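# Coordinate inspection notes
Below are the chains, spelled out letter by letter.
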Amino acid sequence: MSQVITRFAPSPTGHLHIGGARTALFCWAFARRSGGRFMIRIEDTDQARSSEESARGILEDLAWLGIEWDDGPTLEVGSLSEASRPGAADASEKRGARVIGADARPVGPYFQARRVPIYTRYLRQLVQHGRAYPAFETSEVLEAQRKAAVAAKQTYRYDRASWKAITTPIDRLAAMDKADREGRPYVIRFFAPHEEIIVHDQVLGDVKYAAGEMDDFVIRKADGFPTYHFAVVIDDELMGVTHILRAQEHLNNTPRHVALQKALVIHPDDAAPGRPAGSPFRTPIYGHMPLIFNMDATKMSKRDKAKAARKAAKDAIAKDRSITAATLAAATGLDEKLIADFLAAENDSLDVAARLAKHFKVTLPEVEVWDYRQNGYLPHAITNFLSLLGWNPGLKTEDGKDLEKFDNAFLAAHFAIDRIGKTNAKFDRNKLLSFNADAIAALSDEQFASSWMDWMRQYEPEAHSTISRLAPAQLLTLARALKPRAKTLRDALRPAAFALTGDDDFAFEPAAVEKNLSANERAGLKLLAEFKPRLEAIADAGWTPESINTTIETFAKEKGMPNAGPVAQPLRVALTGTSVSPGMAETLAVLGRASTLKRIERCLSTVGR
RNA sequence: GGCCCCAUCGUCUAGCCUGGUCCAGGACGCCAGGUUCUCAUCCUGGAAACAAGGGUUCGAAUCCCUUUGGGGUCACCA
């Protein structure tokens, strides 16, 4: 058989959904495994909802995940995070800009909105062949009919009134031309064949649809754009797609696509070597993948964010009656009516959701790749976890456990359709978090430092500029201290708090002070004062985690302490203001000799007054 | 409601195709211990599932049927 070609065809109506990312990943992996090509096509036939920004965002997220396409729109990527993508960093990438995507075969354009002339000729072909027809009913009329049918507990079917009204292909074409001239809107419907359709699904097996199940669905909208069903069939044929892996929600669409493929032939304008005009459309190989749900079994959706933000706002309002849309508008800088509508569930604005979440200090559920990226997840942790949702390599590690940890290259080498599962999966954010923590732990200190800095530069610029002032050795020490304490890159901000604050800018927590400094007649303070000269005795050049650790241990031993705790805790409070922080050796080393002594003095003088 | 798909621990899953080695294995989470200067990491142990009922068979998580449960889809959205 000819070369395998798979595609991912997102609709650019928002960010890349986590489920879409898995679809793309599997299509990519299958193409790679088969030595084929992976293609991206942008399905922007919904004029109202599509946007170029979101198309670009989706491409960027895919590239970030390491899912790169051979055919499709081009995307220039800057210097991606090297350390977080081991194996992906070649010389050209390090030099800077690089372009993903091209039209080498060529079969573009890859934006459906630019392919309207192509769809039009096939639309006319179908009408000409008596397999489609213009329909002039308005959607209002049809909606009324549909409602009546539902009320009568009947399955609604379009009654083919327009098919019956004009009886020959020539008259239908003429009617279309006339309507076009007069600017009168109409749709084109496919004349559904009365025959059984069998879909040979590689995941689910043969799925049969009885004759008469299909209705005359619309293939061209009144605005002149094709519907999804039509565009997808035309494009997959013309773009040479051989395998279609998509979510199970599309399973019931497949008979429509198969029926269209049976009705269509190659138009003279699209004739190509081996595909002469008149040759019938081919049916690609289908595989429908299980769906991904939230842990509470609801469908994962952008709306989850709106719901969460709305709930947070309503909970707050229930507690404090003085909060209204007006006060929220003042606090968030948003329009009052927008907020009122949002609260009344009249809109699900993501912008409102984000601002309310920030205002009420709640975390919105992560449903898009972008959310995870922003929150400090590593791309290969995400793709690794996603790989396991509905697929499994079926291999064991040396110690007999299921092989779960692998990278994109492994997936590309081992992916097989016959190991795709049939059962829907719930998205366990906990397990993803654990995968991310493991991925972070697996980074070298250098890699962690570089990934963390990259991430901060984009999402926490203030922290980035502060940490940038550290010497390279200090940064590595900090990285070592942070790594086991961070499940995400964002997580590392908390244990790094001591390094992000100025020597005089943090407060000493009363509870920590009481327990570790004031208790037992200020035992902690006395110890701290006694220990300070030991630190002063360390020369600037010898200020390393090792020497600091030795100093602490030695001092504790001299004092006859069972361990270094009694020394470390007062020190910890003095340097960080809290009783929780990374190890003292690392903390002091990152702070440096001067800051350390300054903080101890400040503690002694403020707390020990 | 019509049509279609699915069914192993709370969750992701291995095992199912090619019945016996499965009183069902791993991972996440959870619980209990241990290491440690706090927190975290790390280590050890534990609880936890074949939806139900019929068959077929010497033998069924594995094959068949029914029931139940879950999901998808029925747009001029993809």
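None of these values were measured; they are calculated from a predicted model. (Residues numbered from 1 in each chain as written. Chains lettered and ligands numbered in written order. Predicted model: local features only at pLDDT ≥ 70, side-chain atom pairs only at ≥ 80, totals over all residues. Heavy atoms only, no water.)

### What about the sheet that holds strand S5 (residues 132-135)?
Spatially, three strands are ordered S5-S6-S9 in an open sheet, and the strand pairing comes out antiparallel. If you trace the sheet from one side to the other, it starts and ends with S5 and strand S9 (218-220), each paired once. Going across the sheet, the axis of each strand differs from the next one's by a mean of 45°, ignoring polarity. Pairing analysis gives four bridges linking S5 to strand S6 (residues 187-190), with the strands arranged antiparallel. The residue of S6 that forms the bridge with Ala132 is Phe190. (Pairing = 2+ DSSP bridges. Helix = DSSP H or I, 4+ residues; strand = E, 2+ residues; numbered from the N terminus. Axes fitted to C-alpha atoms, helices over the stretch in contact; angles between N-to-C directions.)

### With respect to helix H8 (residues 228-238)
Owing to its 3.6 residues per turn, the α-helix brings residues three or four apart onto one side. Within H8, ten of the eleven residues are buried, which leaves the element mostly enclosed by the surrounding structure. Every buried residue of H8 is accounted for by His229, Phe230, Ala231, Val232, Val233, Ile234, Asp235, Asp236, Glu237 and Leu238. Looking at the packing, one finds that the buried side of H8 touches strand S1 (5-8), helix H4 (116-128), S9, strand S10 (243-247) and helix H9 (254-263). One or two positions beyond H8, positive phi appears at Gly240, with a value near 75°. (Buried < 20%, exposed > 50% of the residue type's maximum accessible area, 1.4 Å probe, protein only. Contact = heavy atoms within 4.5 Å.)

### Quick notes on the nonpolar core
In this structure, Phe448, Trp452, Leu535 and Leu571 are the most contacted members of the largest nonpolar core, which totals 58 residues. Examining the composition of this core, we find that nine residues originate from one element, helix H25 (residues 584-607), more than from any other. Ignoring anything within four residues of it in the chain, the contact list for Trp452 reads Ile467, Leu478, Leu482, Leu489, Ala492, Leu493 and Ala496. Core analysis: the second largest hydrophobic core is formed by 55 residues, Leu62, Trp64, Met289 and Trp391 among them. (Core = buried A, V, L, I, M, F, W, Y, C linked by side-chain atoms within 4.5 Å.)

### What to know about helix H1 (residues 18-33)
In this model H1 runs 22 Å from its N-terminal to its C-terminal C-alpha over 16 residues, within 8% of the 22 Å that 1.5 Å per residue would give. Just past H1, the residue Gly35 takes up positive phi, approximately 70°. (Expected span 1.5 Å × (residues − 1).)

### A word on the pairing of strand S2 (residues 37-40)
The sheet contact formed by S1 and S2 spans four bridges and is parallel. Paired with Ile5 across the strands is Arg37, a residue of S2. Viewed along the sheet, the connection from S1 through H1 into S2 turns out right-handed. (Right-handed = clockwise from strand over helix to strand, strands pointing away.)

### Here we look at the protein's contact with RNA strand B
Taken together, 64 residues form the shell around RNA strand B, and within it Lys221, Gly390, Asp402, Thr423 and Ser581 come nearest. Among atoms of RNA strand B positioned within 4 Å of the protein, sugar and phosphate together represent 70%. Pro484 places a main-chain nitrogen or oxygen 2.7 Å from a sugar or linking oxygen of RNA strand B. For RNA strand B, a base nitrogen lies 2.7 Å from a polar atom in the side chain of Arg485. Elements with a minimum of two residues in the surface near RNA strand B: helix H5 (139-151), S6, strand S8 (205-209), H8, strand S13 (425-426), helix H17 (429-442) and helix H24 (565-576). At four residues, H24 tops the list of elements feeding residues into the surface near RNA strand B. The residue inventory of the surface near RNA strand B, partitioned by class, reads 20 nonpolar, 22 polar and 22 charged. (Near = heavy atom within 4 Å. Polar contact = N/O pair within 3.5 Å; in protein donor to acceptor, adjacent residues only side chain to side chain. Nonpolar A, V, L, I, M, F, W, Y, C, P; charged D, E, K, R; others polar.)

### Considerations on the pattern of salt bridges
Applying the stated rule across the entire model yields 45 salt bridges. Here Asp61 ties to Arg373 by a salt bridge, and the two come within 3.1 Å at their closest N and O atoms. Highlighted residues: Asp61 in helix H2 (residues 52-64) and Arg373 in helix H14 (residues 369-374), separated in sequence by 312 residues. Since its relative accessible area comes to 2%, Asp61 is described here as buried. Put simply, Lys559 and Glu530 hold a salt bridge, and the shortest N to O gap is 2.6 Å. You can see Lys559 sitting in the loop between helix H23 (545-558) and H24 and its partner Glu530 sitting in helix H22 (residues 510-536), a full 29 residues away along the chain. (Salt bridge = Lys/Arg side-chain N within 4 Å of Asp/Glu carboxyl O.)

### Let's talk about the packing of aromatic side chains
The final tally for this structure, using the stated rule, is 17 aromatic pairs. For the pair Phe190 and Phe217, a centre-to-centre distance of 5.5 Å together with 50° between the ring planes defines the contact as tilted. Of this pair, Phe190 sits in strand S6 while Phe217 sits in the loop between S8 and S9, and the two are 27 residues apart along the sequence. Residues Phe190 and Phe217 agree in their burial class; the two are buried. When the ring of Phe385 is compared with that of Phe427, the centres are 5.3 Å apart and the planes differ by 85°; the resulting orientation is edge-to-face. (Phe/Tyr/Trp six-rings, centres within 6.5 Å; stacked < 30°, edge-to-face > 60°.)

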